[in-house]
Amino acid sequence: GAGVSQSPSNKVTEKGKDVELRCDPISGHTALYWYRQSLGQGLEFLIYFQGNSAPDKSGLPSDRFSAERTGGSVSTLTIQRTQQEDSAVYLCASSLTGQDFRGQYFGPGTRLTVT
Amino acid sequence: AQSVSQHNHHVILSEAASLELGCNYSYGGTVNLFWYVQYPGQHLQLLLKYFSGDPLVKGIKGFEAEFIKSKFSFNLRKPSVQWSDTAEYFCAVNFAGKSTFGDGTTLTVKP
């Protein structure tokens, strides 16, 4: 596609429910990243995929967070048993490769609100 | 672990003033350095990047940044800001695929 797309754009959920966030990277980009941006904060790295594998999961805040990527393309970030502190904008980015790095292209984000 | 520090959280300037936003990083190895910008209501987008070679890099919209290895710094500059430069600016460091971002600097340019 023309750019990185994310869905949904907004998600309001009740505490304790599971949510799935989706990211479609730019076609041909092998590297995919998830970040979280809380109000007034910088970008918090969550996870990085190179192809379908995740060399670096160090940023996932807890075992309630998981992510997968299939076919070297679409990725889903799943948050189980959501908590109010999970409320944030979740950003996805892709780049041509992870090692030959030329900068990331960001999607519009998913604004998650946990009530 | 690498970290990125942006010294100014909020900068307010008048149009035509000069801009310098500070960025320091902690990692001592070979890194790639970036500045990203987020205009109100828009996505994050790449402003400029440094990999190697000339430590003074030029980006879009008249921005430039200078990599000073000895100071672990990558400060962003623009000689004369415009109202349309009002945005949030993020410095980032990438090593082995993982990017670390600073907390961002909000720039407000008064017309």
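Residues numbered from 1 in each chain as written. Chains lettered and ligands numbered in written order. Predicted model: local features only at pLDDT ≥ 70, side-chain atom pairs only at ≥ 80, totals over all residues. Heavy atoms only, no water.

### Details of the pattern of salt bridges
The line we're drawing: By salt bridge we mean one thing: a side-chain nitrogen of Lys or Arg within 4 Å of a carboxyl oxygen of Asp or Glu. Whether a residue is buried, partly exposed or exposed follows from its accessible area with a 1.4 Å probe, protein chains only, as a fraction of its type maximum: under 20%, in between, or over 50%, in that order.
Following the criterion strictly, the structure yields seven salt bridges over all chains and no others. Residue A:Arg36 is joined to A:Glu44 by a salt bridge in which the shortest nitrogen-to-oxygen separation is 3.0 Å. By relative accessible area, which is 31% here, A:Glu44 ends up partly exposed. Across the pair B:Lys78 and B:Asp85 runs a salt bridge whose closest N-O atoms are separated by 2.9 Å. Judged by relative accessible area, B:Asp85 falls into the buried class, the value being 1%. A network of salt bridges, in which partner residues are shared, links B:Lys58, B:Glu64, B:Glu66 and B:Arg77.

### Here we look at the packing of aromatic side chains
Residue and element names in this part refer to chain B. For clarity, the threshold we go by: Ring pairs shown here join Phe, Tyr and Trp side chains whose ring centres sit within 6.5 Å, with only the six-membered ring taken for Trp; geometry is labelled stacked below 30 degrees between planes, edge-to-face above 60, and tilted in between. We count a stretch as a helix when DSSP gives it H or I for four or more residues in a row; a strand needs E for two or more, and each element gets its number in order from the N terminus.
The tally for this structure, following the rule as stated, stands at 15 aromatic pairs over all chains. With 5.9 Å between their ring centres and 90° between their planes, Phe-34 and Phe-51 make a pair best called edge-to-face. On the criterion of sequence distance, the pair formed by Phe-34 in strand β5 (residues 32-38) and Phe-51 in the loop between β6 (44-50) and β7 (56-58) is long-range, its members being 17 residues apart. Assessed through its relative accessible area of 0%, Phe-34 is described here as buried. Look at Phe-51 and you get partly exposed, because its relative accessible area is 22%.

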